[in-house]
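Tertiary structure, described
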Amino acid sequence: MLQGKLLEQIGQSTSYQMAILIIICAIALQLVNNHRAALLLLFLQYVLLAIYVGPRVYGPLALLQAGIGLAVCLILLVSINHLRKNGFAAKQPVMASRWLYRVSVVIFSSLAAYGLWRTNILQLNWLEGMVGYFLVSVGLVMAAISDDPLRLGFGILVSINGFETASVFMNQGLLVMGMWGVIAILLALTIAAGTEIWLEGQEKAVNS
């Protein structure tokens, strides 16, 4: 009995640590400007979500979550390399005003997440709600203020991760995870196509 309670406490502690790391990763994703760094943070978020969700719902879901994240990031990596090859990688200078703006965005999205968490429309427990609502809020705000299709895509995917986390905890099914995985991959393909269209427009504007 004592051993079972000890294991339960360890599991809860690990879940709490994973939740904090997921939130930190989402905040860092809002702050970075480099596309490759943002992609690495997005993949790290998928891995952390796999570790967080899998054992709490169904073990093999962790592998599925990580596999979906890898597929999404590989698709986006092709677009990032294409942008860099054509000289359209994010190269904005790091200025105090830009950092202040991004920190303000983080604060705003955090307050929005706190409001959703307090309302708890989906009736999740406090830890699951904290992760789900925070990812949804951060992703939507990031998408809303994006200045290129890749950052828009990153925001949408982060938001999808939040919706997926909440849905999996409510339904706890492999089918639900698979459905969200298909949506994420289709979104990644759409983001890649949108990036190519945007790149063609930028090249025409430069050459005209």
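Everything numeric in this text was worked out from a predicted model, so none of it was measured. (Residues numbered from 1 in each chain as written. Predicted model: local features only at pLDDT ≥ 70, side-chain atom pairs only at ≥ 80, totals over all residues. Heavy atoms only, no water.)

**As for the overall build of the chain**
Our working definition: Each helix corresponds to a stretch of at least 4 residues labelled H or I by DSSP, and each strand to a stretch of at least 2 residues labelled E; elements are numbered beginning at the N terminus. Only protein chains enter the accessibility calculation, which uses a 1.4 Å probe; a residue whose area is less than 20% of its type maximum is buried, one above 50% is exposed, and one in between is partly exposed. Two residues form a contact once any of their heavy atoms are found within 4.5 Å. Reported accessibility uses the Shrake-Rupley method at a 1.4 Å probe radius. Residues are deemed covered only where the shown protein chains occlude them.
Along its length, the chain carries 7 helices and 0 strands. When its helices and strands are written in sequence order, the chain yields α-α-α-α-α-α-α. For the chain, buried positions account for 43% of its 208 residues. Pairs at least 24 apart in sequence give 75% of the contacts found in the chain among residues at least 6 apart. For the chain, the accessible area works out to roughly 10,900 Å², and carbon and sulfur atoms hold 70% of it.

**Looking at the environment of Ile 23**
With respect to the secondary-structure elements, Ile 23 resides in helix H1 (residues 2-31). Residue classification places Ile 23 among the buried positions, given a relative accessible area of 12%. Remark: the alpha-carbon pair of Ile 23 and Met 130, spanning 107 residues in sequence, is separated by 8.8 Å.

**Comments concerning a nonpolar patch on the surface**
Using the following cut-off: Distance thresholds for patches are 9 Å for like charges and 5 Å for nonpolar side chains (Val, Leu, Ile, Met, Phe, Trp, Tyr), applied to residues having over 30% relative accessible area and no salt bridge. In the sections that follow, a salt bridge refers to a side-chain nitrogen of Lys or Arg positioned within 4 Å of a carboxyl oxygen of Asp or Glu.
Judged by side-chain polarity, Tyr 16, Tyr 114, Trp 117 and Trp 126 come together as a nonpolar surface patch covering roughly 450 Å² of accessible area. Structurally, Trp 126 is set in helix H5 (residues 126-144).

**Some words on the environment of Leu 21**
Looking at the secondary structure, you find Leu 21 in helix H1. With relative accessibility at 38%, the residue Leu 21 sits in the partly exposed group.

**Structural notes on the packing of aromatic side chains**
Note the cut-off: Classification of ring pairs uses Phe, Tyr and Trp, with its six-membered ring standing for Trp, and accepts pairs whose centres are within 6.5 Å; under 30 degrees between planes counts as stacked, over 60 as edge-to-face, and the remaining range as tilted.
Under the counting rule described, the total for this entry stands at 1 aromatic pair. Taking the centre distance of 5.9 Å and the plane angle of 40° together, the rings of Tyr 114 and Trp 117 count as tilted. Remark: Trp 117 and Tyr 114 occur in helix H4 (residues 96-119); sequence separation between them is 3 residues, near one turn of the helix. Assessed through its relative accessible area of 44%, Tyr 114 is described here as partly exposed. For Trp 117, a relative accessible area of 30% gives the class partly exposed.

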